[in-house]
Amino acid sequence: MSDFRLAAADLLPLDSSSPEATMALGERLGAHLGPGDLVALYGDLGAGKTHLVKGLCAAQGLDPAAVNSPTFTLVNEYDGARFPLYHFDAYRIERIEQLYDLGYEDYFFSDGACLIEWPARIEAVLPPETVRLQLTHVEGDGIGETRRRITLIEAPGDTPT
């Protein structure tokens, strides 16, 4: 079992009350991220997936302000302090062939770590060892207050569609 999966199992579930808290969780988890890790981030629009990625990248010495969702490019490559990070956004993937055209195997099976937003669109190609995290909007106690609940999905069959 990877160090990242163990850390996620130890730290999650967790409720985040702000983007900063989601990034801080990403930094704590990111300290355990290693080459070959694949992290799939499930959640609706605005659930905090990119903020979590910013924290994961910050733990690898990257400026979180330089991290943004690769919605139109499909993948951003970042040179982390210890290994490369590949940030995928599968939202615009309409056919799995697009992922093949991108050469996803060169990323997934490399010496870097892959962080994948909207992974349900490419679930068929995710390896079984992929660490799956769910980010969910949760209503807060105050007026207009919202939280995000971040949980570890234990089995691939439990992933949302």
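What you see is a predicted model, and the numbers here were worked out from it, not measured in a lab.

Undergrad: Can you explain the pattern of salt bridges? Please cite residues and give values.
TA: As enumerated under the stated definition, the model contains 4 salt bridges in all. We note a salt bridge from D15 to R149, for which the minimum N-O separation is 2.7 Å. Remark: R149 occurs in strand β7 (residues 146-153) and D15 occurs in strand β1 (residues 14-16); sequence separation between them is 134 residues. A relative accessible area of 33% places D15 in the partly exposed class. A salt bridge links E123 to R132; the nearest nitrogen and oxygen atoms lie 2.7 Å apart. Of the residues examined, R132 reaches a relative accessible area of 2% and is grouped as buried. Three or more residues are tied together by salt bridges with common partners; here these are D15, R147 and R149.

Undergrad: Hey, could you go over helix α3 (residues 49-58) for me, with residue numbers and the actual values?
TA: Counting buried positions over the 10 residues of α3 gives 9, a clear majority of the element. For α3, the full list of buried residues reads K49, T50, L52, V53, K54, G55, L56, C57 and A58.

Undergrad: Which residues make up the sheet that holds strand β4 (residues 84-89), and what are the values?
TA: Overall, mixed pairing links the 7 strands, which are arranged β1-β7-β6-β2-β5-β4-β3 in an open sheet. Of all the strands in the sheet, the pair left with one neighbour each is β1 and β3 (75-79). Taken over all neighbouring pairs, the strand axes of this sheet differ in orientation by 20° on average, direction set aside. Relative to β7, strand β6 (residues 131-139) runs antiparallel, the two sharing 8 bridges. In the strand pairing of β7, T136 is matched with R149. Strands β1, β6 and β7 of the sheet are contacted by helix α2 (residues 19-30), whose axis makes an angle of about 140° with β1.

Criteria and cut-off values
- Residues numbered from 1 in each chain as written.
- Predicted model: local features only at pLDDT ≥ 70, side-chain atom pairs only at ≥ 80, totals over all residues.
- Heavy atoms only, no water.
- Salt bridge = Lys/Arg side-chain N within 4 Å of Asp/Glu carboxyl O.
- Helix = DSSP H or I, 4+ residues; strand = E, 2+ residues; numbered from the N terminus.
- Buried < 20%, exposed > 50% of the residue type's maximum accessible area, 1.4 Å probe, protein only.
- Pairing = 2+ DSSP bridges.
- Axes fitted to C-alpha atoms, helices over the stretch in contact; angles between N-to-C directions.
- Contact = heavy atoms within 4.5 Å.

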